[in-house]
Amino acid sequence: DAMVIQNPRYQVTQFGKPVTLSCSQTLNHNVMYWYQQKSSQAPKLLFHYYDKDFNNEADTPDNFQSRRPNTSFCFLDIRSPGLGDAAMYLCATRVVGGTYNEQFFGPGTRLTVL
Amino acid sequence: TQLLEQSPQFLSIQEGENLTVYCNSSSVFSSLQWYRQEPGEGPVLLVTVVTGGEVKKLKRLTFQFGDARKDSSLHITAAQPGDTGLYLCAGAYGNNRLAFGKGNQVVVIP
């Protein structure tokens, strides 16, 4: 089945220790997104790729970086995680020309910062 | 900033009861989506509404888009425990972006 896959599902890191979260998709969608979702909060868009074009949200901290080496894969790098970065990180995809900006989400990675 | 307010934030009902939750904004959206998210999982798309006044049904779930395309409601008939989850509404804006509400947490008690 075509899908969005996130690895790992659970990640524990130490304060200040770099961490990378990965997302892959078999949907062949042009657009890939990274969201941060904290408890009882709405998902917050960090950035997205339209093909190879990177689009950063104005309020995304510099501590968050992303790479998209090919259509299928996208990575979220947190250079120096702080306690406030503990959250669920969601990857989503969308096909350009698809219906009304519908996005398809992966299962998420729960990040714990010790 | 596109802001979507969802109410009530939390709702607990008995199996078989009906419920309605709301998503409101001061902004006009070209389309609005409803997602359901279960604990520890990503949101799953339920429906997209596009036209003002549009009503869509998904089994026991009825979604309505306001005439002015600023608000939406979700009505569940004869709720089942499997309907338990966080219902998120999201409005499309700009290029490729969705603005999300905080969600309606629904708990259906068997």
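Placed above this text is the structure.
Every value quoted in this text rests on a predicted model; they were computed, and no experiment measured them. (Residues numbered from 1 in each chain as written. Chains lettered and ligands numbered in written order. Predicted model: local features only at pLDDT ≥ 70, side-chain atom pairs only at ≥ 80, totals over all residues. Heavy atoms only, no water.)

> I would appreciate a short explanation of the overall build of chain B in the present structure.
In terms of regular secondary structure, chain B is built from zero helices and 11 strands. Helices (α) and strands (β) of chain B occur, in sequence order from the N terminus, as β-β-β-β-β-β-β-β-β-β-β. Its C-alpha radius of gyration of 13 Å places chain B within 12% of the 13 Å reference for a compact globule of 110 residues. For chain B, with 110 residues in total, the buried portion stands at 47%. Taking as baseline every contact in chain B between residues at least 6 positions apart, the subset at least 24 positions apart corresponds to 52%. Carbon together with sulfur atoms contributes 49% to the accessible area of chain B, which is approximately 5,000 Å² in total. Between the averaged position of the 9 positive side-chain charges in chain B and that of its 9 negative side-chain charges there is a distance of 7 Å. (Helix = DSSP H or I, 4+ residues; strand = E, 2+ residues; numbered from the N terminus. Rg over C-alpha atoms; globule rule 2.2 N^0.38 Å. Buried < 20%, exposed > 50% of the residue type's maximum accessible area, 1.4 Å probe, protein only. Contact = heavy atoms within 4.5 Å. Areas by Shrake-Rupley, 256 points an atom, 1.4 Å probe, with all protein chains shown as cover. Lys, Arg positive; Asp, Glu negative; His and termini not counted. Charge placed at Lys NZ, Arg CZ, Asp CG, Glu CD.)

> Got a minute to help me understand the overall build of chain A in this structure?
For chain A, the helix and strand inventory stands at zero helices and 11 strands. Here chain A has a C-alpha radius of gyration of 13 Å; the compact-globule value for 114 residues is 13 Å, and the two agree. Dimensions along the principal axes, computed over C-alpha positions, put chain A at roughly 40 × 30 × 30 Å. Counting the 114 residues in chain A, one finds 49% classified as buried. In chain A, of all internal contacts separated by at least 6 residues, the share reaching a separation of at least 24 is 55%. Carbon and sulfur atoms form 50% of the exposed surface of chain A, whose accessible area is close to 5,500 Å². The averaged location of the 9 negative side-chain charges in chain A is 7 Å from the averaged location of its 10 positive side-chain charges.

Read these as spatial facts, not as claims about activity.
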